[in-house]
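If you want the building blocks of each chain, they are given just below.
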Amino acid sequence: MKRLYTALVATILAFGTMSYAEVSTLHFMNYLPYKIYMNPAFQSNCDTYVELPVISTIGVDVNAGALSVNDIIKNSNGKMVTFLHPDFGTAERDALFRKLSMNNIVKEETNISLFGFGFKLRKRGYLSINMSLRQDLTAYLPKDLFSLALFGTPDSLGNHYDITGTKVSANAYIDFNGGYSYRINDKWSVGGRLHLLFGLANAEASFNSLTVDASGQKWVIRGTGVAQMSFPGTTVTTDAQGKINGFNFPSTFNDYIKNYKPCMGAALDLGGVYRPIKDLSISLSLKDMGFMVWENSNTATANVDYTFSGLEYSPSSKNVNYGDSLLNVLKSSYRYDAVAAGKPYVTDMNAKMYAAVEYSFLKDMMSVGLLSRTELNAGRLSEEITLAYNLRPCYWFSMSASYSFISGGFSTLGLGLNLRLPPFNFYVVTDYMPLYYSAEGIPYRSQRLNLQAGILLTFNCAKSTPLHNVAAF
């Protein structure tokens, strides 16, 4: 088990090397087209924009939920130790445990633009097209999973841990989408975006039920689970009992393509913008409402009912061997489902809702805005609220400063910079720029990190934002 939790921590930290979901501060940077991907009712401030392959959108977003590096790694007698180490203090363990919710989500998303463009249609419409490579990785970690790691089995007569809901999922797919915005009048705009999704790979493992009843005399593990994978050209080897021995993945890209069966999906974005007065914008959108159908599938099911004895765990123990036993129990409980092999299965998209208000002043040279972002992940809601101050002193330069209340933790600050040298438009933006670093350069107080930067082409951009050009429509 010690290896299991070491792998858990390593996975959480490794998410920091992955990438991107929408950066909320972009919602208020009016000379960039990315707000129209967050709400399809908005229109770009430029008559035409072109996204260059790859270099227009390169970003990173990692969210470790309520935890920061500082919560799980401490300095003890001059060395850095994790919460699994015996020298990790009792007070620190208690503080870490209090920060956890009943179900903790660790999430990472990637989005790389392959190409994109947008242009005005007549006087009231705006059409935008985009194709992106998208990837996401999500882990659902029940609180009892951490309880077992932090406190072990303090009651010698029996300790019950319910780690039902433990789940890890990963997706990679191409998103081809087109959106259209229409300005009804000076006050109202509406828009929609349709996504056609082409799946590349998927893997997920989950437990419908999983409990551990542990004491110094015996451990009883019971549960049921399922694991699914869609990766073209992959074969699974099993023994006579149906237990999985290994996976043979395609060795070349041609092998992948030859075995590929189209994995199709669709999603829809809807949005609206209301301008009660010239300087005020109120907007609402629903994004990524959709699904994916995965072919090329392999499935395994688990029925765990196992008892082993003679094991006891305490956080102060330096030599614990029950981890390997538990992992072997779970591994040996999976059986390859030959009947389900090749049959398609369906996964949901991670839907989002954006609600925002922005007020501009000084002839639109400045504005303040508030954005609420709500995400739905496997039936679990997460929320972020971002407050932004935006400065647009001249046509060729603008900047935004923001603070995100829930994940900011008084240790990060959002910042966006936009430099326009027509037709080139350079930008870099983040919601969570770390303010505190360890001597090793680790942003140890940050719960969430993101960054997006790139270069795109923009043509015939208005000297002020659309809020101040409604008469032109």
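Structure shown above.
These numbers were taken from a predicted model, which means no experiment stands behind them.

> Can you walk me through the pairing of strand E3 (residues 73-76) in this structure?
For a regular strand, side chains alternate in direction, first toward one face of the sheet and then toward the other. The pairing of E3 with strand E4 (residues 79-82) spans 4 bridges and is antiparallel. Paired with Lys74 across the bridge in E4 is Val81. Between the end of E3 and the start of E4, which pair antiparallel, lie 2 residues, with Asn77 showing a positive phi angle near 55°.

> Would you take a moment to explain the packing of aromatic side chains for this structure?
The geometry of an aromatic ring pair is captured by the separation of the ring centres together with the interplanar angle, meaning the angle of the planes. This model, assessed by the stated rule, comprises 16 aromatic pairs. Ring plane angle 50° and centroid distance 6.1 Å describe the contact between Tyr34 and Tyr37, whose orientation is recorded as tilted. Assessed through its relative accessible area of 4%, Tyr34 is described here as buried. Three or more aromatic residues link up through ring pairs in this structure, and these residues are Phe231, Phe247, Phe249, Phe253, Tyr256 and Tyr260.

> Got a minute to help me understand the environment of Arg373 in this structure?
With respect to the helices, strands and loops of the structure, Arg373 is situated in strand E19 (residues 366-377). Judged by its relative accessible area of 3%, Arg373 is buried. The spacing of Arg373 and Tyr354 is 19 residues in sequence and 4.8 Å in space, taken between C-alpha atoms. At 2.8 Å, the side chain of Arg373 forms a polar contact with the backbone oxygen of Glu22. At 2.9 Å, the side chain of Arg373 and the side chain of Glu375 are in polar contact.

> Mind showing me how you'd approach helix H5 (residues 143-151) here?
An α-helix turns once per 3.6 residues; consequently, residues spaced three or four apart project the same way. Burial of H5 is extensive: 7 of the 9 residues sit out of reach of the surface. Among the residues making up H5, those that are buried are Lys143, Leu145, Phe146, Ser147, Leu148, Ala149 and Leu150. Within two residues after H5, Gly152 carries a phi angle of roughly 65°, on the positive side.

Conventions and cut-offs
Residues numbered from 1 in each chain as written. Predicted model: local features only at pLDDT ≥ 70, side-chain atom pairs only at ≥ 80, totals over all residues. Heavy atoms only, no water. Pairing = 2+ DSSP bridges. Helix = DSSP H or I, 4+ residues; strand = E, 2+ residues; numbered from the N terminus. Phe/Tyr/Trp six-rings, centres within 6.5 Å; stacked < 30°, edge-to-face > 60°. Buried < 20%, exposed > 50% of the residue type's maximum accessible area, 1.4 Å probe, protein only. Polar contact = N/O pair within 3.5 Å; in protein donor to acceptor, adjacent residues only side chain to side chain.

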